[in-house]
Amino acid sequence: MKYADVILPLPLENSYTYSIPSDLEKAVVPGCRVLVHFGKRKYYTGIVMLAHERSPDSGFEIKEIYALLDATPILRRPQLRFWQWIASYYLCKLGDVYKAAVPAGLKLESETVVYWNELFETDAPLRRNEQSVADAFGAKNKLTISELEKKTGLRNVVSAVASLMARGAVKIDEEVKRGFTPKMQTFIRLAACCHDESKLQDVFQALKRAPKQEALLLHYLDISHALNPLLAQELSKKELIGKSGSNASIVDVLIKRGILESYEKEVGRLQVSVCRLQALAPLTAGQKKAYHEIHDAFKTRDVCLLHGVASGGKTEIYTCLIDEVLKQGRQVLYLLPEIAITTQITERLAGLFGDKLLVYHSKFSDNERVEVWNKLLYDRTPRLILGVRSSLFLPFNDLGLIIVDEEHENTYKQQEPAPRYHARNAAIILASMHGGKTLLGSATPSIDSYYNATTGKYGLVELTARFGECLPPEIIPVDIKELKRKKIMKDTLFSPLLARQIHTALEKGEQSILFQNRRGFAPVIECRACGWAPHCMNCDVSLTYHKYHNRLECHYCGYREPLPAQCPQCQSTELKMMGFGTEKIEEEVASLFPSARVERLDFDSARTRNAYERIISDFEKGKTDILIGTQMLSKGLDFANVGVVGILNADSLMNYPDFRAHERAFQLIAQVSGRAGRRDKRGVVILQTSQPEHPIIRMAQQFAYKEMASLQLSERSMFRYPPCYRLIVVTLRSRNESVLEEMSALHANTLRARFGERVLGPVIPPVTRVQTLHVRKILLKIETAAAIAPVRKIIESIHAEMQGYPPFKQLLVHYDVDPV
């Protein structure tokens, strides 16, 4: 008998063994999908990792594979190896990687379906939750568990269903949910008999009394060239109606009369509309020098860091490298940190590479993502893939180059859920598995990458001149502490200099960008009388006031409640707003500059793909005068007409309890400043701060990246932080704080017995409770020279040892390698 080791999309063991039915023995191969039974009722889509003849000696009954879903594997050979590296390095399970890697449309799962028994009669009143479930059915007799949860609003609907099942009111079953559905479209063709000229003349004769039908048929023949086999083209029903100005009923009449025929055809959802491809822009002398230096670096190293100033023209260098690799018949992956930037760069790349371009990110529907996956799997055309971190998991055939643009951005790091991988580091491993190269690009590289480049691990290429020799923006710090002391900024967020500069820019027809890394209206509401402040019921944080919806919201768990009219403790109506976010800036801008057209770019205003695209497109086309936003604005967007950038509170960037706070503050200030004065004019950046003499402010003002990096590296070496050491954070969570306190201390002591002084903690993080769970953290500082594999084995053995303590099983424990 043959067996298959199958990966399931669950954070459990790395694989489970199933027997292969005799009729599928030859067809089941590594990389293909199988439907398997797991647990009491559930069915999941598993990925075959290995087919073999070794009988498991577990003593358990071996279940049989229920169905084979693919004639050929949906994974390529390097993908499973890449998954295994991510699971090993980032201390997670293969199931976590599988769940993150494969689009939902390719993962069929069973769902619990509840059937109402119409013959059921109760002999006692139903409890409240049971009655809610019974009422939810209405005229239907079949609902899924998720549908019941939505209709009833119950948190634990399963217990109510279980009690109803015990009464005989319902029964349950499992149904496999549909996955990917191809997009079908109706096409029109001329009936076979009408291709004969004499027959077609008879048709037109018969249509003399139906002028609309006659006109439509003439339009069809003209557009489709159906009578000329050399020029004939397919025509969809939608396109025919649109171009002829007719309607669907007339088309249906011609089909009924046997003159036209309709047929269904699968069409792609992925469409890059380009009328004419553009030629690559010629490189300047500085760009050519950098381009050749990158080539030289790739001769001896697999990774190269391109440290280029903002507006230096890094994208032009990228496009030349992309064109070169595509001409070699290989693939290119272009990684971006935010979906927001893909909108702008997609148009530029589509104009250069046409239908060779594929875009992939989480704002696409499941079906669109499956189509991108299938295109790469079955089509060997050299392609450029533009996407965010999830693009790393696509089924590449032959990756020649990975470009990681804005490589310093912390959004390349996956936070929740596992796998908590860093896309930049994972990209380097993926490229090496394909025998390709990795190019990291940034105006303000991460200190980790810069350290690797200066110590010779990576190649280093510098692009020092801005494109077109335009001058860097002038950064002017404004001391808001002094202005507040003098009562000049008493009731406003804007210093007189910033307000004056925006007013001047508006008069010149220039645009302005205002940056504040906090969304909402006010982060804290406080009662003036008693000091009460609303807090989240699930997390240990204050609620942020969102004026647009007039509600308080938790930015950790999403909990919402309306703004109270009075203090619930002392009934005072004097509630004070403290701090400010993008909504408050938007309100003040509207009062200061009433004629200006204002837009806001943050998580609240740009939740959908279309909203992102509209906001950025409107600003690019000059339809918006002032754009207010969070750090989304700092990520590589290129606007030609920005004269002023205002950073409203630089202190919030620096005063943060993190060893990377100063590095990030410098990067954000430099990146946001880079949006001003691009192309042929010098911009102005007004930097509002209470600490104008702070070293980071001074370095940002002079764009002194090397000085900042040198200072940070000396501090990190002294205190054993990356890049000199590798960090691993162990996060423990539980609803029971006393058990968490006891078990986290025991876990830390057990780790300390093996790792010694490399273990710090357990510590209480700044936010002590998130989503009803109390949190403790343990920090491991491991030398970078130490291999991760033995460290992983020790951590796993200690975790297994801790499982021997029953209270430890109540805890949720996860490991974060190289946290950001």
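Computed from a prediction, not measured in an experiment: that's the story for all the values here.

### What about the overall build of the protein?
Reasoning step 1: Helix and strand content of the protein: 25 helices and 34 strands.
Reasoning step 2: Here the C-alpha coordinates of the protein stretch approximately 90 × 70 × 70 Å along the principal axes.
Reasoning step 3: The buried share of the protein, reckoned over its 820 residues, is 51%.
Reasoning step 4: For the protein, the share of sequence-separated contacts (at least 6 apart) that also reach a separation of at least 24 residues comes to 75%.
Reasoning step 5: When the accessible surface of the protein is summed, it comes to about 38700 Å², and 50% of that surface belongs to carbon and sulfur atoms.
Reasoning step 6: Within the protein, the 94 negative side-chain charges are centred at a point lying 1 Å from the centre of the 108 positive side-chain charges.

### Quick notes on the pairing of strand 20 (residues 511-515)
Reasoning step 1: Burial of strand 20 is extensive: five of the five residues sit out of reach of the surface.
Reasoning step 2: Because side chains alternate across strand 20, one face comprises the buried residues Q511, I513 and F515, and the other comprises S512 and L514, equally buried.
Reasoning step 3: Note: strand 20 against strand 27 (residues 626-629), four bridges, orientation parallel. Pairing of I513 across the sheet is with L627, part of strand 27.

### Observations concerning the state of the cysteines
Reasoning step 1: Summed over all chains, the structure comprises zero disulfides.
Reasoning step 2: Among the cysteines around C193, which has no disulfide bond, C194 carries the closest sulfur, lying 4.0 Å off.

### Notes on the pairing of strand 3 (residues 33-38)
Reasoning step 1: Strand direction decides the pairing type here: strand 3 and strand 4 (residues 42-52), joined by six bridges, are antiparallel. If you follow L35 over to strand 4, its bridge partner there is T45.

### Regarding the packing of aromatic side chains
Reasoning step 1: Scanning the model with the defined rule gives 17 aromatic pairs in all.
Reasoning step 2: Ring geometry for F666 versus Y705: centroids 6.1 Å apart, planes at 55°, classification tilted. Of this pair, F666 sits in helix 21 (residues 661-673) while Y705 sits in helix 23 (residues 705-719), and the two are 39 residues apart along the sequence. Like Y705, F666 is buried.
Reasoning step 3: Connected via pairs of aromatic rings, a cluster forms that spans Y16, F38 and Y44.
Reasoning step 4: Directly above the aromatic system of F187 lies the positively charged group of K265, at a separation of 5.3 Å from the ring centroid.

### Considering the sheet that holds strand 19 (residues 474-479)
Reasoning step 1: Read from one edge of the open sheet, six strands run 19-29-28-20-27-26, paired in parallel fashion. Where the open sheet ends on each side, the last strands, each with one partner, are strand 19 and strand 26 (598-601). On average, each strand axis in the sheet is inclined to that of its neighbour by 20°, with strand direction left out of account.
Reasoning step 2: Alignment of strand 26 against strand 27, held across four bridges, turns out to be parallel. Each residue of the ladder has a partner; that of L601, found in strand 27, is G629.
Reasoning step 3: Set on the sheet, helix 18 (residues 582-592) makes contact with strand 20, strand 26 and strand 27; between it and strand 27 the angle comes to about 160°.

### Observations regarding the sheet that holds strand 24 (residues 560-562)
Picture the strands of a sheet paired through backbone hydrogen bonds; they go either parallel or antiparallel.
Reasoning step 1: In spatial order, the strands read 22-23-24; together these three strands make up an open sheet with antiparallel pairing. Every other strand in the sheet has two partners, leaving strand 22 (544-546) and strand 24 as the edge strands with one partner each. Along the sheet, successive strands turn relative to each other by an average axial angle of 30°, direction set aside.
Reasoning step 2: For strand 22 and strand 23 (residues 551-553), the ladder comprises three bridges, and the chain directions are antiparallel. Bridged to H546 within strand 23 is R551.

### Some remarks on helix 6 (residues 197-206)
Residues lying three or four places apart along an α-helix face the same way, a consequence of the helix completing one turn every 3.6 residues.
Reasoning step 1: The set of residues buried in helix 6 consists of L200, V203 and F204. Each buried residue of helix 6 lies within a common arc of 95° when the element is viewed along its axis, so the set occupies one face. In helix 6, the exposed positions that point more than 90 degrees away from the buried face belong to Q201, D202 and Q205.
Reasoning step 2: If you follow the buried residues of helix 6, they end up packed against helix 7 (211-224).

### Focus: the environment of K681
Reasoning step 1: Residue position: K681 is located in the loop between helix 21 and strand 29 (684-689).
Reasoning step 2: Its relative accessible area of 26% is what places K681 among the partly exposed residues.
Reasoning step 3: Spatially, the C-alpha atoms of K681 and N641 are 8.8 Å apart, while their sequence positions differ by 40 residues.
Reasoning step 4: Among all residues touching K681, those that are not within four sequence positions of it are E510, A640 and N641.

### Observations regarding the pattern of salt bridges
Reasoning step 1: Scanning the entire structure with this criterion turns up 40 salt bridges.
Reasoning step 2: K299 is the partner of D296 in a salt bridge, and the nearest nitrogen-oxygen pair spans 3.5 Å. Residue D296 and its partner K299 are both found in helix 10 (residues 285-300); the two are separated by three residues, about one turn of the helix.
Reasoning step 3: Among the residues examined, D296 registers a relative accessible area of 44% and is labelled partly exposed.
Reasoning step 4: A salt bridge links R485 to E482, with the nearest nitrogen and oxygen atoms 2.5 Å apart. Residue R485 and its partner E482 are located together in helix 16 (residues 480-485), separated by three residues, close to a single helical turn.
Reasoning step 5: R485 sits in the exposed class, given a relative accessible area of 57%.
Reasoning step 6: Connected through salt bridges with shared partners, the residues R519, R551, E553, R560 and D604 form a single ionic network.

### Concerning the packing of helix 10 against helix 11 (residues 314-327)
Reasoning step 1: In the contact formed by helix 10 and helix 11, the axes pass within 10 Å of each other and the chain directions differ by 45°. What the angle tells us is that helix 10 and helix 11 run oblique. Once helix 10 is placed against helix 11, the crossing between them reads as right-handed. Side by side, helix 10 and helix 11 meet where Q287, A290, Y291, I294 and H295 of the first sit next to E316, I317, C320, L321 and E324 of the second.

### What about the environment of K2?
Reasoning step 1: Its place among the elements puts K2 in the segment before strand 1 (3-7).
Reasoning step 2: A residue is classified by how much of its surface remains accessible, and K2, at 23% relative accessible area, is partly exposed.
Reasoning step 3: Measuring from C-alpha to C-alpha, the distance between K2 and S55 comes to 8.1 Å, with 53 residues separating the pair along the chain.
Reasoning step 4: Among all residues touching K2, those that are not within four sequence positions of it are S19, I20, E25, H52 and E53.

### Brief notes about helix 18
Reasoning step 1: Within helix 18, the full set of buried residues consists of T582, E583, I585, E588 and V589.
Reasoning step 2: Along its buried surface, helix 18 packs onto strand 20, strand 22, strand 26 and strand 27.

### Quick notes on the side chain of T544
Reasoning step 1: On the secondary structure map, T544 appears in strand 22.
Reasoning step 2: Those residues in contact with T544, other than ones at most four positions away along the chain, are R519, G520, A522, P523, R551, L552, E553 and H555.

### So, the confidence of the model for the protein
Reasoning step 1: Mean pLDDT for the protein: 88, with 95% of residues reaching 70 or above.
Reasoning step 2: Taking the mean pLDDT of every element in the protein, the minimum, 76, falls on strand 8 (residues 170-176) and the maximum, 97, on helix 14 (residues 423-433).

### Quick notes on the nonpolar core
Reasoning step 1: Formed by 115 residues in total, the largest nonpolar core has its most connected members in W83, L392, I402, I647, I728 and L780.
Reasoning step 2: By residue number, the principal contributor to this core is helix 14, which donates seven residues.
Reasoning step 3: Those residues within four positions of I647 in sequence are excluded, and the remaining contacts are F515, I669, V672, S673, V685, I686, L687 and Q688.

### Section: the side chain of Q331
Reasoning step 1: Tracing the backbone shows Q331 in strand 13 (residues 331-335).
Reasoning step 2: Not counting residues within four places of it along the chain, the set of residues in contact with Q331 comprises V325, L376, R383, F396, N397, D398, L399, G400 and L401.

Reading the values: the criteria
- Residues numbered from 1 in each chain as written.
- Predicted model: local features only at pLDDT ≥ 70, side-chain atom pairs only at ≥ 80, totals over all residues.
- Heavy atoms only, no water.
- Helix = DSSP H or I, 4+ residues; strand = E, 2+ residues; numbered from the N terminus.
- Buried < 20%, exposed > 50% of the residue type's maximum accessible area, 1.4 Å probe, protein only.
- Contact = heavy atoms within 4.5 Å.
- Areas by Shrake-Rupley, 256 points an atom, 1.4 Å probe, with all protein chains shown as cover.
- Lys, Arg positive; Asp, Glu negative; His and termini not counted.
- Charge placed at Lys NZ, Arg CZ, Asp CG, Glu CD.
- Pairing = 2+ DSSP bridges.
- Disulfide = S-S within 2.5 Å.
- Phe/Tyr/Trp six-rings, centres within 6.5 Å; stacked < 30°, edge-to-face > 60°.
- Lys NZ or Arg CZ within 6 Å of the ring centre and 35° of its normal.
- Axes fitted to C-alpha atoms, helices over the stretch in contact; angles between N-to-C directions.
- Arc of directions from axis to C-beta.
- Salt bridge = Lys/Arg side-chain N within 4 Å of Asp/Glu carboxyl O.
- Parallel < 35°, antiparallel > 145°, perpendicular 65-115°, else oblique.
- Left-handed = near helix turned anticlockwise from the far one by under 90°.
- pLDDT = per-residue confidence, 0-100.
- Core = buried A, V, L, I, M, F, W, Y, C linked by side-chain atoms within 4.5 Å.

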